[in-house]
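What the coordinates show
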Amino acid sequence: MKYQIDETGRLPEKPKYSQKELNNMAEDVLFASSDILGQNIQYPIPTDKLTVIIERYVDDLDLYADLEKEYGDKNIEGVTIFLPFKKPVVRISEKLQKFKFKENRLRTTLAHELGHVIIHNPLWQREFSKLQLPFDTTEKRIQICKRKTLFSKDEPNYEHYDWIEWQANYFGSALLMPKKALHKFYKIFTTERGIRSQISDESSDASDLISMLSQAFQLSNEAVRVRLKQMKILVSQEDITSSPTLF
């Protein structure tokens, strides 16, 4: 990791992480949670256990927050508030708890907010330690996450215009679909079908793989597709080569 100037002005500097580093950060959290998940993690990670993991890293986790009333926007699904010299507060929209069909959204939102906690709270604490921030002004210290920013369809280019959300998205997908676990499912799939190269994102194989992984990790097809593109398993037809993927 190296620091660069934060062009957004949110912080003086932003960290530039490689995908490998973000994958490792997510795996470290899973390893540290072995007392919750067991030594051999079973997928999908149960939502209640995911909640317990997050509670370890925050000062408070509110799963029934009326974010629409508070912020005047029905599209807000999660908020992380960074506090001086304390763990952050995470608030999740009550709408994600009310309806069973929104559980996949709940899971991605929880993992996304944990990404903010793990990656970005140290940045804010670094600034707080300089005693230069106006602690009574919370506007900049509130990370508001809307539905469209979670596993955006524009994910491959997202880092260029919102690095904070891109990093939290990547961490969240790496937490829920860890590289090693994803590789096992991918290897089974390609062996059964005799696939020896990357998969075209417009092929029937891509659709079948996404469907399989969506069930295996209990995530939306959109979230799985983004992760597979991140890992260069799914690529455009013209970019297919016989070279191995990031695995």
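Residues numbered from 1 in each chain as written. Predicted model: local features only at pLDDT ≥ 70, side-chain atom pairs only at ≥ 80, totals over all residues. Heavy atoms only, no water.

Considerations on the pattern of salt bridges
Rules: A pairing counts as a salt bridge when a side-chain nitrogen of Lys or Arg comes within 4 Å of a carboxyl oxygen of Asp or Glu. Helix and strand assignments come from DSSP, with helices taken as H or I runs of at least 4 residues and strands as E runs of at least 2, each series counted from the N terminus.
Following the criterion strictly, the structure yields 14 salt bridges and no others. Close ionic contact of Asp201 with Lys229 constitutes a salt bridge, the shortest N to O distance being 3.9 Å. Within this pair, whereas Asp201 is found in the loop between strand S7 (199–200) and helix H10 (204–217), its partner Lys229 is found in helix H11 (residues 221–230), the two being separated by 28 residues in sequence. One salt-bridge network, held together by shared partners, links Asp62, Glu70 and Arg91.

Looking at the sheet that holds strand S3 (residues 60–65)
Put simply, the test is: When DSSP finds two or more bridges between two strands, those strands count as paired. Geometry is summarised by axes, namely lines fitted to C-alpha atoms with helices restricted to the contacting stretch, and by angles between N-to-C directions that run from 0 to 180 degrees.
As summarised here, the arrangement of the four strands in space is S3-S5-S4-S6, forming an open sheet in which the pairing is mixed. Taken across any chain shown, the strands that pair with only one partner, and hence form the sheet edges, are S3 and strand S6 (142–146). Neighbour to neighbour, the strand axes of the sheet diverge by 15° on average, direction disregarded.

Observations concerning H10
Using the following cut-off: Each residue after the first adds 1.5 Å to the expected span of a helix. Residue exposure (1.4 Å probe, protein chains only): buried if accessible area is under 20% of the type maximum, exposed if over 50%, otherwise partly exposed. The arc in question is the one spanned by the directions pointing from the helix axis to the C-beta atoms. In what follows, a contact means two residues having at least one pair of non-hydrogen atoms within 4.5 Å.
The terminal C-alpha atoms of H10 lie 20 Å apart, and with 14 residues this matches the ideal 20 Å at 1.5 Å per residue to within 8%. Buried within H10 we find Ala206, Leu209, Ile210, Leu213, Ser214, Ala216 and Phe217. When H10 is viewed along its axis, its buried side chains cluster within an angular range of 165° and face the same direction. For H10, the exposed residues lying more than 90 degrees away from the buried face are Ser204 and Gln215. Structurally, H10 contributes buried residues whose contacts are with helix H6 (103–128), helix H8 (163–176), helix H9 (179–193), S7, H11 and strand S8 (234–235).

So, the nonpolar core
Defined as follows: Throughout, nonpolar core names a set of buried Ala, Val, Leu, Ile, Met, Phe, Trp, Tyr and Cys residues whose side chains join them through atoms within 4.5 Å.
Ranked by internal contacts, the top residues of the largest apolar core, which has 51 residues, are Leu114, Phe171, Leu175 and Leu228. A total of seven residues in this core trace back to one element, the largest contributor, which is H6. Excluding its chain neighbours within four sequence positions, the residues that come into contact with Leu114 are Val29, Ile53, Ile54, Tyr57, Phe171 and Leu175. In terms of nonpolar packing, the next biggest core, distinct from the first, is built from eight residues, Ala65, Leu67, Ile81 and Ile142 among them.

A word on H6
Rule in force here: What we call the bend at a residue is the angle made by axes fitted to the seven residues finishing there and the seven residues starting there.
Relative to the 38 Å expected for 26 residues at 1.5 Å per residue, H6 spans 35 Å between its end C-alpha atoms, a close match to the ideal helical length. The largest bend in H6 is about 45°, located at His120, with the proline Pro122 one to four residues further on. Among the 26 residues that make up H6, 23 are buried, leaving the element largely enclosed by the rest of the structure.

Considering the confidence of the model for the protein
The following threshold applies: Across the chain, each position has a pLDDT score giving the predictor's confidence in that residue, from 0 to 100.
When the pLDDT values of the protein are averaged, the result is 89; 88% of them are 70 or greater. The low-confidence segment residues 153–158 (pLDDT under 50) makes 11 contacts with residues lying over four places distant or belonging to another chain.

Considering the environment of Glu202
Relative to the helices and strands, Glu202 resides in the loop between S7 and H10. On the basis of relative accessible area, Glu202 is assigned to the exposed category, the value being 72%. Separated by 33 residues in the primary sequence, Glu202 and Val235 place their C-alpha atoms 8.7 Å from one another.

Focus: the packing of helix H1 (residues 19–32) against H8
Spelled out, the test is: An angle below 35 degrees is read as roughly parallel, one above 145 as roughly antiparallel, one from 65 to 115 as roughly perpendicular, and any other as oblique. Two helices that cross are described as forming a left-handed crossing if the nearer one is turned anticlockwise from the farther one by less than a right angle, and a right-handed crossing if clockwise.
Axis separation between H1 and H8 bottoms out at 8 Å; the angle between their running directions is 50°. Taken together, H1 and H8 sit at an angle that is classed as oblique. Where H1 crosses over H8, the two elements pack in a sense that is right-handed. Mapping the contact onto sequence places Gln19, Leu22, Asn23, Met25, Ala26, Val29 and Leu30 in H1 and Trp166, Tyr170, Phe171, Ala174 and Leu175 in H8.

A word on the pairing of strand S5 (residues 89–93)
With five of five residues buried, S5 lies mostly within the body of the structure. Taking every second residue as pointing to the same face, both faces of S5 are buried, with Val89, Arg91 and Ser93 on one and Val90 and Ile92 on the other. The pairing of S3 with S5 spans four bridges and is parallel. Residue Asp60 lies in a different strand from S5, and its bridge partner there is Val89. Pairing of strand S4 (residues 76–81) with S5 involves four bridges; the strand directions are antiparallel. Directly across from Val79, in S5, lies its bridge partner Arg91.

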